Amino acid sequence: MTEIKVGDILYKEEWHRNEPATIKEVKVAKVGRTFFYLEGYLERYQVRKEDLTHENKVYSQANFTLYRTKEEIEQKNLRRDLWADIRQKVSSTYNSEQFALEEIQQIANILRVKL
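Everything in this summary refers to the structure shown in the same document. Being a predicted model, the structure only gives us computed values, none of them experimental.

### Overview of the overall build of the protein chain
Point 1. In terms of helices and strands, the protein chain carries 2 helices and 6 strands.
Point 2. For 115 residues, the compact-globule formula gives about 13 Å, and the C-alpha radius of gyration of the protein chain, at 20 Å, lies well above that figure.
Point 3. Each of the three principal axes of the protein chain carries a C-alpha extent, and together these read 60 × 35 × 25 Å.
Point 4. Counting across all 115 residues of the protein chain, residues that qualify as buried make up 21%.
Point 5. The long-range fraction of contacts in the protein chain, counting pairs at least 24 apart against all pairs at least 6 apart in sequence, stands at 31%.
Point 6. When the accessible surface of the protein chain is split by element, carbon and sulfur atoms take 52% of a total near 9400 Å².
Point 7. One finds the centroid of the 20 positive side-chain charges in the protein chain at a distance of 6 Å from the centroid of its 19 negative side-chain charges.

### Notes on unusual backbone geometry
Point 1. With a phi close to 60 degrees, L52 is a non-glycine residue in the positive phi region.
Point 2. Position of L52 relative to the elements: it lies in the loop between strand 4 (47-48) and strand 5 (53-54).
Point 3. Judged by relative accessible area, which is 4%, L52 ranks as buried.
Point 4. For R112, which is not glycine, the phi torsion reads 55 degrees and is therefore positive.

### Remarks on the side chain of D8
Point 1. Topologically, D8 is positioned in the segment before strand 1 (9-14).
Point 2. By relative accessible area, D8 is classed as buried at 17%.
Point 3. Aside from chain neighbours lying at most four places away, what touches D8 is E3, V26, K27 and V28.

### Things to note about the sheet that holds strand 3 (residues 35-38)
Point 1. Judged by pairing direction, the sheet is antiparallel, and its 6 strands sit side by side in the order 4-3-2-1-6-5 without closing on themselves. This sheet does not close on itself; its edge strands, each paired only once, are strand 4 and strand 5.
Point 2. As defined by bridge partners, strand 1 adjoins strand 2 (residues 22-31) across 6 bridges and the pair is classed as antiparallel. Within strand 2, the position partnered with Y11 by the bridge is E25.
Point 3. Seen against the sheet, helix 1 (residues 70-93) touches strand 1, strand 2 and strand 6 (64-67) and runs at an angle of roughly 30 degrees to strand 1.

### Description of the nonpolar core
Point 1. Core analysis: the biggest nonpolar cluster contains 12 residues, these being I4, L10, V26, V28, F36, L38, L42, Y45, V47, L52, F64 and L66.
Point 2. Looking at this core, the elements that each hand over two or more residues are strand 2, strand 3 and strand 6.
Point 3. Setting aside residues no more than four positions away along its own chain, V28 makes contact with I4, K5, V6, G7, D8, L10, F36, Y37 and L38.

### Describing the packing of aromatic side chains
Point 1. Scanning the entire structure with this criterion turns up 1 aromatic pair.
Point 2. With 5.7 Å between their ring centres and 70 degrees between their planes, Y45 and F64 make a pair best called edge-to-face. With a gap of 19 residues between them, Y45 in the loop between strand 3 and strand 4 and F64 in strand 6 connect regions that are remote in the sequence.
Point 3. Accessibility expressed as a relative area gives 9% for F64, which makes it buried.
Point 4. Over the face of the ring belonging to F64 we find K12, whose NZ or CZ atom lies 5.0 Å from the ring centre.

Definitions and limits used
Residues numbered from 1 in each chain as written. Predicted model: local features only at pLDDT ≥ 70, side-chain atom pairs only at ≥ 80, totals over all residues. Heavy atoms only, no water. Helix = DSSP H or I, 4+ residues; strand = E, 2+ residues; numbered from the N terminus. Rg over C-alpha atoms; globule rule 2.2 N^0.38 Å. Buried < 20%, exposed > 50% of the residue type's maximum accessible area, 1.4 Å probe, protein only. Contact = heavy atoms within 4.5 Å. Areas by Shrake-Rupley, 256 points an atom, 1.4 Å probe, with all protein chains shown as cover. Lys, Arg positive; Asp, Glu negative; His and termini not counted. Charge placed at Lys NZ, Arg CZ, Asp CG, Glu CD. Pairing = 2+ DSSP bridges. Axes fitted to C-alpha atoms, helices over the stretch in contact; angles between N-to-C directions. Core = buried A, V, L, I, M, F, W, Y, C linked by side-chain atoms within 4.5 Å. Phe/Tyr/Trp six-rings, centres within 6.5 Å; stacked < 30°, edge-to-face > 60°. Lys NZ or Arg CZ within 6 Å of the ring centre and 35° of its normal.

Here you go:
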């Protein structure tokens, strides 16, 4: 992982009620030994350098994670959406009688399921 420096651009995913999530560009304003701070309204939030996260210290603050690229956020969301679709499809559409034992064993191997 590369070092965080003042002026670096990072990306934050934001959610607002009844709206799709957006990706916002944020700029690093100040860097300390353990934490760094962002410009603008996020300047009051300490972000850990080791994992780019801010954890709620006060009830009114939200937890968030920053990303180095927009693609990281898009891949995370794609992974989440695909997994949700797989879970829904498997639980509502299929039962064990629709597959041969070998097929079920292959699925179990892919999912690293142990008996």
